[in-house]
Amino acid sequence: MIASEWLKLRSVASTHYAVGAAALMVVLGTAWSLYVGTLADQRGSIRAAAPEEGFLPLVQISLAVIGVLAITAEYGTGTIRPSLTAVPRRRTLLLAKTAVVAATTSVTAIVVIFTTYAVSHLVAGDRAVGYNAGSLGDDLPLLLGSVLSVTVPALVGLGLGVITRSTAAAIGSVVGLLFVLPGIAPYLPPPWNVRVGAWMLPNLVPQIAGDRISTRLDGLLPPAVAVAVLVGYAAIALAAAFVAFDRKDA
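Residues numbered from 1 in each chain as written. Predicted model: local features only at pLDDT ≥ 70, side-chain atom pairs only at ≥ 80, totals over all residues. Heavy atoms only, no water.

Asks: When you look at the pattern of salt bridges in this model, what are you seeing that I'm missing?
Replies: Any two side chains of opposite charge can pair, on the condition that their charged atoms come close. If you walk through the whole model with that rule in mind, you get six salt bridges. Residues Lys-8 and Glu-5 are paired through a salt bridge, measuring 3.0 Å at the closest nitrogen-oxygen approach. Here the residue Lys-8 and the residue Glu-5 both occupy positions in helix H1 (residues 2–10), the gap between them amounting to three residues, near one helical turn. Relative accessible area serves as the criterion here: at 5%, Glu-5 is assigned to the buried category. Among the salt bridges present, the one from Lys-97 reaches Glu-5, with a minimum N-O distance of 2.8 Å. Here Lys-97, found in helix H6 (residues 90–124), pairs with Glu-5, found in helix H1; they are 92 residues apart in sequence, far enough to count as distant. Judged by relative accessible area, which is 2%, Lys-97 ranks as buried. Within this structure, Glu-5, Lys-8, Glu-74 and Lys-97 form a network of salt bridges that share partners. (Salt bridge = Lys/Arg side-chain N within 4 Å of Asp/Glu carboxyl O. Helix = DSSP H or I, 4+ residues; strand = E, 2+ residues; numbered from the N terminus. Buried < 20%, exposed > 50% of the residue type's maximum accessible area, 1.4 Å probe, protein only.)

Asks: Honestly, the side chain of Asn-203 in this entry has me stumped. Any pointers?
Replies: Of note, Asn-203 is situated in the loop between helix H9 (192–197) and helix H10 (204–208). Given a relative accessible area of 11%, Asn-203 falls into the buried group. With residues near it in sequence (within four places) discarded, Asn-203 still touches Gly-197 and Ile-213. (Contact = heavy atoms within 4.5 Å.)

Asks: How should the nonpolar core be read in this particular structure?
Replies: Across soluble globular proteins, nonpolar side chains have a tendency to be buried as a group. Core analysis: the largest hydrophobic core is formed by 55 residues, its most contacted members being Ile-113, Tyr-233 and Phe-245. Those elements that provide at least two residues to this core are helix H2 (13–43), helix H4 (56–77), helix H5 (80–86), H6, helix H7 (136–164), helix H8 (167–184), H10 and helix H11 (223–247). Leave out the neighbours within four places in its chain, and Ile-113 touches Met-25, Glu-52, Leu-56, Leu-143, Ser-146, Val-147 and Val-150. One finds Val-36, Ile-46, Ala-48 and Ala-124 within the second-largest nonpolar core, a separate group that totals nine residues. (Core = buried A, V, L, I, M, F, W, Y, C linked by side-chain atoms within 4.5 Å.)

Written as structure tokens, this is what we have:
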């Protein structure tokens, strides 16, 4: 069944487009590294954002589309009915989709993020650009947290796709979780800006690495709790999806 779901996913053109869009991080990261390297040559040293952090939202939203379309494409074309005829156990079918989406987005995220990290450090060389100050061991928690932060929105998108059966509604909801709500949190009155902002999906990655959320917000959650909260986003969305998938007709 997993092989069947994998065949469905890779045979859809949108999957390739989404992976291609995510892979743009490597190109943009290289261009950014060349730019900040030039600035470092002129100024002696600068403190630039790491490209695998700065361009992470591109990968998150690109691969979240894979999770959404893994189910909404079938609802849109009506192929969900043959799928349920072939696999009448709905939870088993959804579990297979979940495994394929998680594996596809995780592997893609690992390749894209670690390639961007390696290329940006290679381009930066010995220049003092800020993001190359630490070792791979120092940066590993942030890199792994970034990979997880890509897989989670894809699984949230899958869950919301099952619940809404609408590509636009599911993608719009993921965009709200990734960009809209986290953008509002810093402007809440203290201490709610920190309390609410710390639980926002994109703000969990820095806390996994034990860093500040941003220049406006300090971290609030310990790394282990931040990981649990991040996984909790996917768990809640998928739990609701399993209930809805069981109860609604195709």
